[in-house]
Amino acid sequence: MTIVGKSKRSPSFRRNRWMLSAILFVIWLYTALPLFYVLVSASKSNNDLFTTFGLWFASDFRLVENIGQVFSFQGGIFARWMFNTIIYATTAGIGAALFSTMAGYALAKYQFFGKRLIFAIILGAVMIPQTALVVPLFLLMSKVGIVNTPWAVILPSLVYPPGVFLMRVYADDAIPNELIDAGRVDGAGELHIFFSLALRLLMPGFATVLILSFVATWNNYFLPLVVLSSPEYFPVTVGLAQWYATATVGSGGGAALFTLVLAGALISIVPVIIAFIVMQRFWQGGLGAGGVKA
């Protein structure tokens, strides 16, 4: 038996390994460089922002002062925007994940009339850009009377067709039909089977849809811009865009808002990073833990 060690690896193997490493480094650089730029820029004064090198810190490190100004500017409305965004994203993320999981489970494990048509419609909805639906949604919500309320952002975000598609595919393999039949034999209802057995096995997929929907709602800009008009209901995306628009005018000291916009953008990234860290454990160990509990 011949053991192939590092010295026995072919030149083509080493060349491919270095090529893959180079590609991964470029991807990492493409992802990390904008975040580093935001961090560096948020630590500068407005004068240093335009007179110093953009990818390194200035001698006058003002990150703490800039963050303090962000939360005190305009009566501290940025804290309200952050609170609104957390409420919108959390509610929409949990709701969309739950509805997507239930819909995907039903499409995967039940037989009913129109099943193929419904799934085809869901696939078609995945292909439609969300911005194309904003104006029809605005007209619909104006008829209902919920424009310029938090519900105008939350309710449309609960519908997440990509999540339904993902959970349909995931549930098809993750839930054995024998498990459902065993629950029925024991006299359990369909909802009891779903919440007590199936949902635990679907938790990794549930967590994936939750974080995807959370990030999509957190970064959503066009829908809140159209359906909200009162600043107290703005999410952080619309609020920072409003500050940036004021800064680009450059009159009345508006240009000084550039550092506040960048500091606010830095602050708005932190909850998303925390959400990814918290949800990691469900991706890594959710499937095995669910199987044991079930």
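Residues numbered from 1 in each chain as written. Predicted model: local features only at pLDDT ≥ 70, side-chain atom pairs only at ≥ 80, totals over all residues. Heavy atoms only, no water.

Re the layout of surface pockets
Phase 1 of the analysis: Volume-wise, the largest pocket comes out at about 550 Å³.
Phase 2 of the analysis: Forming the boundary of the largest pocket are 23 residues, of which Gln 130, Leu 137, Pro 156, Ser 157 and Val 159 lie nearest the centre.
Phase 3 of the analysis: Elements that contribute at least two residues to the lining of the largest pocket include exactly helix 6 (134-144), helix 7 (151-157), helix 8 (161-174), helix 11 (203-218) and helix 12 (222-227).
Phase 4 of the analysis: The biggest single contributor to the lining of the largest pocket is helix 6, with five residues.
Phase 5 of the analysis: The residue inventory of the lining of the largest pocket, partitioned by class, reads 17 nonpolar, six polar and no charged.
Phase 6 of the analysis: Trp 218, Asn 219, Thr 237, Ser 268 and Ile 269 are, among the 14 residues lining the second largest pocket, the residues nearest its centre.
Phase 7 of the analysis: Those elements that place two or more of their residues in the lining of the second largest pocket are helix 11, helix 13 (236-249) and helix 14 (257-293).
Phase 8 of the analysis: Among the elements that line the lining of the second largest pocket, the one with the most residues is helix 14, at six residues.
Phase 9 of the analysis: Of the residues in the lining of the second largest pocket, the class split is 11 nonpolar, three polar and no charged. (1 Å grid on protein atoms, 1.4 Å probe; cavity = no way out; pocket = protein on both sides within 12 Å on 5 of 7 lines; lining within 4 Å. Points joined across faces, edges and corners; volume = space filled by probe spheres on them. Helix = DSSP H or I, 4+ residues; strand = E, 2+ residues; numbered from the N terminus. Nonpolar A, V, L, I, M, F, W, Y, C, P; charged D, E, K, R; others polar.)

Here we look at the side chain of Ser 45
Phase 1 of the analysis: Here Ser 45 shows up in the loop between helix 1 (11-42) and helix 2 (46-51).
Phase 2 of the analysis: Ser 45 has contacts with Arg 62 and Thr 259, leaving out every residue within four places of it along the chain. (Contact = heavy atoms within 4.5 Å.)

What to know about a nonpolar patch on the surface
Phase 1 of the analysis: Residues Phe 25, Val 26, Trp 28, Leu 29, Leu 33, Tyr 37, Phe 53, Leu 55 and Trp 56 make up a contiguous nonpolar surface patch of roughly 950 Å² in combined accessible area.
Phase 2 of the analysis: Structurally, Leu 55 can be placed in the loop between helix 2 and helix 3 (63-72).
Phase 3 of the analysis: Classification of Leu 55 as partly exposed rests on a relative accessible area of 31%. (Patch = residues over 30% accessible without salt bridge, like charges linked within 9 Å, V, L, I, M, F, W, Y side chains within 5 Å. Areas by Shrake-Rupley, 256 points an atom, 1.4 Å probe, with all protein chains shown as cover. Salt bridge = Lys/Arg side-chain N within 4 Å of Asp/Glu carboxyl O. Buried < 20%, exposed > 50% of the residue type's maximum accessible area, 1.4 Å probe, protein only.)

Notes on the pattern of salt bridges
Phase 1 of the analysis: The tally for this structure, following the rule as stated, stands at three salt bridges.
Phase 2 of the analysis: Note that Asp 172 is salt-bridged to Arg 168, the shortest N-O span being 4.0 Å. Within this pair, Asp 172 and its partner Arg 168 are both found in helix 8, separated by four residues, close to a single helical turn.
Phase 3 of the analysis: Across the pair Arg 184 and Asp 181 runs a salt bridge whose closest N-O atoms are separated by 3.7 Å. Placement of the pair is Arg 184 and Asp 181 together in helix 9 (residues 177-185), with a separation of three residues, close to one helical turn.
Phase 4 of the analysis: What makes Arg 184 partly exposed here is its relative accessible area of 36%.

What to know about the nonpolar core
Phase 1 of the analysis: Ranked by internal contacts, the top residues of the largest apolar core, which has 63 residues, are Phe 78, Tyr 105, Leu 202 and Trp 243.
Phase 2 of the analysis: Here this core takes 11 residues from helix 14, the largest share from any one element.
Phase 3 of the analysis: Contact partners of Tyr 105, with chain neighbours within four places excluded, come to Tyr 110, Ala 171, Ile 175, Ile 180, Ile 193, Phe 194, Ala 198 and Leu 202. (Core = buried A, V, L, I, M, F, W, Y, C linked by side-chain atoms within 4.5 Å.)

Comments concerning the packing of helix 5 (residues 115-127) against helix 8
Phase 1 of the analysis: Where helix 5 contacts helix 8, the two axes come as close as 8 Å, and the packing angle between them is 130 degrees. With respect to each other, helix 5 and helix 8 are oriented oblique. Once helix 5 is placed against helix 8, the crossing between them reads as left-handed. Of the residues in helix 8, those in contact with Phe 119, Ile 122, Leu 123, Ala 125 and Val 126 of helix 5 are Pro 161, Pro 162, Val 164, Phe 165 and Arg 168. (Axes fitted to C-alpha atoms, helices over the stretch in contact; angles between N-to-C directions. Parallel < 35°, antiparallel > 145°, perpendicular 65-115°, else oblique. Left-handed = near helix turned anticlockwise from the far one by under 90°.)

Comments concerning the environment of Ile 274
Phase 1 of the analysis: With respect to the helices and strands, Ile 274 occurs in helix 14.
Phase 2 of the analysis: Linking Ile 274 and Asn 46, residues 228 residues apart in sequence, is a C-alpha distance of 29 Å.

Overview of empty space enclosed by the protein
Phase 1 of the analysis: Enumeration over the complete set of coordinates arrives at one cavity of 30 Å³ or more.
Phase 2 of the analysis: Considering the residues around the largest cavity, the lining is formed by Thr 85, Tyr 88, Ala 89, Val 153, Thr 217, Trp 218, Asn 220, Pro 224 and Pro 235.
Phase 3 of the analysis: Elements with a contribution of two residues or more to the lining of the largest cavity: helix 4 (77-109) and helix 11.
Phase 4 of the analysis: Tallying contributions element by element places helix 4 first for the lining of the largest cavity, with three residues.

Quick word on the packing of aromatic side chains
Phase 1 of the analysis: Going through the model one piece at a time under the given rule, you end up with 16 aromatic pairs.
Phase 2 of the analysis: Between the aromatic rings of Phe 36 and Trp 56, the centroid separation amounts to 6.2 Å while the plane-to-plane angle is 40 degrees, which identifies the pairing as tilted. Taken together, the residues span a long stretch of sequence, with Phe 36 in helix 1 and Trp 56 in the loop between helix 2 and helix 3 at a distance of 20 residues.
Phase 3 of the analysis: Between Phe 50 and Phe 258 the ring centres are 5.6 Å apart and the planes differ by 75 degrees, which places this aromatic pair in the edge-to-face class. Here Phe 50, found in helix 2, pairs with Phe 258, found in helix 14; they are 208 residues apart in sequence, far enough to count as distant.
Phase 4 of the analysis: Among the aromatic side chains, those forming a connected cluster through ring pairs are Phe 71, Phe 73, Phe 78, Trp 81 and Trp 243.
Phase 5 of the analysis: When the ring centre of Phe 119 is taken as origin, the NZ or CZ atom of Arg 168, which lies over that ring, is 5.0 Å away. (Phe/Tyr/Trp six-rings, centres within 6.5 Å; stacked < 30°, edge-to-face > 60°. Lys NZ or Arg CZ within 6 Å of the ring centre and 35° of its normal.)

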